[in-house]
Amino acid sequence: MEVLETLLIKNLNKTYKAENGDVHALKDVSLTIQPGEFVSIVGTSGCGKSTLLRLIVGLENDFTGEIKLGGKQIQGPDINRGMVFQEARLFPWLTAEENIAFGLVDNHISKKEKKEIVNKHIALVNLTGFAKSYPHQLSGGMQQRVSIARALVNYPNLLTLDEPFGALDALTRLQMQQEFLRIWETEKTTVLLVTHDVDEAIFLADRVVVMSSRPGTISKIIKVNASRPRDRNSCAFADIKKEIYKELFKEDNLLIDYII
Amino acid sequence: MSLINSYNPIIVIKNITKTAKNTIFNLSWLDSVYLKILVPAILLVTWESACRLGYLKPLILPSPTAIVQAFERLIKSGELFRHLGISLFRILQGYALGAFFGITLGILIGIFKRIDQGSSVVISFLRPIPIFAWIPVIILWLGIDESTKVTIIALGCFWPILLNVMAGIKHVDKKYLEVARILEKSPYQTLVKVILPSALPSIFTGLRVGIGMAWMCVVAAEVIASTSGIGFLISYSREMLQPDVMFVGVFSIGIVGLIIDRIFKLLEMHFIKWNVNTKRKR
């Protein structure tokens, strides 16, 4: 495995051309993510958090500012930067193991090695026994596990996730959060997770980045100091939650009910 | 005894399921088979009795039994299978040509914007012209050779295949393409592993419509310009005043068409196992 590198974002600006004028999706976003760090981004919808991810993985170009991984400006997609989407986006014509194998870049590794890597990742995401299943035979949570495995087979330096558990039911979501922590602790990669679930962000991340919308800017970065596994009912957890909600709704002057 | 008189929920549930079964919308398997057979049976009996009672002249519409007898006669003499064989061989050649060009061009047009733009006017101009309008043209060019029939079939099945392949390739979900981009797949890998499999259901639809079209075209070509094949059998028996033979020809087209369609459906289910939609239709 390669040595993890720092992700450096500096003065990032992105505008979309729309019919009724330009939309300033991101404005002067600067963020540094340390190697191996787990960072969550929360924000209301339309705050540009997904755009930020798409820029980092290279799905969209045409921005001003710097996005550097290990000191090098990023240029287009790279297997060093993996991505998991909200929908699992598995190919329905491939089985779970074939979908995971699709993630592999096929330069100079033998079939046997490939098979080993795939099997290892099937075990990593706890899907042993479902390797030969087609996506439509798997539950939503299982599909997302395959998707995570597919993003991890190349041992990416940075793994980005765009609301990966957003489409799952509440119970599966809690389960997947715990599972993902375990996976992250085994794989030790840098993680950038976009979510609209404040609980999820605090439960998982080392730092929570709060974004505000129109134009999308970082309004606050909150460090979560509690050790993992975190207790969602602890006082510290509630305090952080309160702080984030305050930040998210500061423009509305609203006191939001947050349940402790 | 008072227990029996009291409200018994189990009986109520039983009644509900019983009434549900009796509605038209909830036919049991046996009922649906029975209904499927019932309608053709009534038609056949009516037809046969109309012939026996002299309402229908055998020269206009022979009775079902006469047609069945003609069937037997033609099968025994080998005439039916000879003509069918000739027609099927023509289809095989024409269909192979039409499918080859339809799939190749469809993929090229679906992938390359420039080819798509360049060909769009030509395609929208040529496509609405019915195949029957081309038959005289093709006869003028190629004579009444075997190649004429093969060309007519190829042209006939080319269009539905081309259009379906084009649509299938163009409508590949952008989300899948993004996954391929993130995983740094080459254009070739993206085509083979993402675009083509995702277009496969469409391609199959094109192939199935195409084979139906080919079967129609061979008959048309043979009726107009041929001395063999199932279409020739039909037009020749009309000239010979053998309506029973004529109907043997007409109905065997239906039977073979049905068999071909079934084979394609089976192939589709075999090759596109992952497609949940095709499975449900079964």
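Our structure's up above, just so we're on the same page.
Residues numbered from 1 in each chain as written. Chains lettered and ligands numbered in written order. Predicted model: local features only at pLDDT ≥ 70, side-chain atom pairs only at ≥ 80, totals over all residues.

Q: Any chance you could break down the overall build of chain B for me, citing the residues and the numbers?
A: Along the backbone of chain B there are 13 helices and zero strands. Shown N-terminal to C-terminal, the secondary structure of chain B runs as helices and strands in the order α-α-α-α-α-α-α-α-α-α-α-α-α. For chain B, with 282 residues in total, the buried portion stands at 30%. Partitioning the intrachain contacts of chain B with sequence separation of at least 6 by distance along the chain shows that 71% fall at a separation of at least 24. (Helix = DSSP H or I, 4+ residues; strand = E, 2+ residues; numbered from the N terminus. Buried ≥ 20, exposed ≤ 12 C-beta atoms within 10 Å, placed from the backbone. Contact = placed C-beta atoms within 7 Å.)

Q: How would you sum up the environment of Ile56 of chain A? Please name residues and give values.
A: Residues and elements named next belong to chain A. Following the sequence through the fold, Ile56 ends up in helix α1 (residues 49–57). Residue classification places Ile56 among the buried residues on the basis of 22 C-beta atoms within 10 Å. Distance from Ile56 to Lys68, taken between C-alpha atoms, is 8.8 Å for residues twelve residues apart in sequence. Sequence-distant contacts of Ile56, defined by excluding residues within four places in its chain, comprise Ile67, Arg81, Thr160 and Leu192.

Q: Report on the nonpolar core, specifying residues and quantitative values.
A: Ranked by internal contacts, the top residues of the largest apolar core, which has 124 residues, are Ala149 and Val208 of chain A together with Ile153, Cys157 and Ala214 of chain B. Residues in contact with Cys157 of chain B, not counting those within four places in the same chain, are Gly94, Tyr95, Gly98, Ala99, Gly210, Ile211, Met213 and Ala214 of chain B. (Core = buried A, V, L, I, M, F, W, Y, C linked by C-beta atoms within 7 Å.)

Q: Break down the sheet that holds strand β4 (residues 64–69) of chain A for me, citing the residues and quoting the values.
A: Residue and element names in this part refer to chain A. What the four strands build is an open sheet, ordered β2-β1-β4-β5; its pairing is antiparallel. In this open sheet, the two edge strands, each paired with only one partner strand, are β2 (21–33) and β5 (72–73). Summarising the sheet, β4 and β5 pair through two bridges and their orientation is antiparallel. Each bridged residue has a counterpart across the sheet, and for Lys68 the counterpart in β5 is Gln73. (Pairing = 2+ DSSP bridges.)

Q: Describe the pairing of strand β10 (residues 217–223) of chain A, and please don't skip the residues or the numbers.
A: All names here are of chain A. Pairing between strand β9 (residues 207–212) and β10: six bridges, direction antiparallel. Among the inter-strand pairings, Val208 is bridged to a residue of β10, identified as Ile222. Between β9 and β10, which pair antiparallel and follow one another directly, the connecting turn spans four residues, one of which, Arg214, has a positive phi of 50 degrees.

Q: Would you mind going over unusual backbone geometry in detail, with residue names and values included?
A: All names here are of chain A. Each neighbour pair has its own omega, and for Arg228 with Pro229 the value is -5 degrees, a cis peptide bond. Looking at the element boundaries, Pro229 is found in the loop between β10 and α7 (235–248). In this model, Asn126 sits at a positive phi of 60 degrees, which is unusual for a non-glycine residue.

Q: Requested: an account of the pairing of β4 of chain A, with residues and values cited.
A: Residue and element names in this part refer to chain A. When strand β1 (residues 7–18) meets β4, the two strands line up antiparallel, connected through five bridges. Residue pairing for β4: Leu7 is matched across the bridge by Leu69. Counting the residues in the hairpin turn of β4 and β5 gives two residues, including Gly70, whose phi is positive at 60 degrees.

Q: Any details on the packing of helix α5 (residues 79–111) of chain B against helix α10 (residues 187–224) of chain B? Residues and values, ideally.
A: Residues and elements named next belong to chain B. Between α5 and α10, whose axes approach to 9 Å, the crossing angle comes to 145 degrees. Between α5 and α10 the crossing geometry is right-handed. Contacts between α5 and α10 involve Ser87, Arg90, Ile91, Gly94, Tyr95, Gly98, Ala99, Gly102, Ile103 and Ile111 on the former and, on the latter, Leu191, Ile203, Gly206, Leu207, Gly210, Ile211, Ala214, Trp215, Val218 and Glu222. Here the contact of α5 with α10 is composed, by residue class, of twelve nonpolar, six polar and two charged. (Axes fitted to C-alpha atoms, helices over the stretch in contact; angles between N-to-C directions. Left-handed = near helix turned anticlockwise from the far one by under 90°. Nonpolar A, V, L, I, M, F, W, Y, C, P; charged D, E, K, R; others polar.)

Q: Before we move on, could you go through the packing of helix α4 (residues 140–152) of chain A against helix α5 (residues 170–187) of chain A and cite the residues and values that matter?
A: Residues and elements named next belong to chain A. At their nearest, the axes of α4 and α5 sit 11 Å apart, and the two run at 20 degrees to each other. In terms of axis orientation, α4 runs roughly parallel to α5. The two elements α4 and α5 meet at a crossing, and its hand is right-handed. Across the interface between the two elements, Gly140, Gly141, Gln144, Ile148 and Leu152 from α4 touch Thr172, Gln175, Met176, Ile183 and Glu187 from α5. Of the residues that constitute the contact of α4 with α5, the class distribution is four nonpolar, five polar and one charged. (Parallel < 35°, antiparallel > 145°, perpendicular 65-115°, else oblique.)

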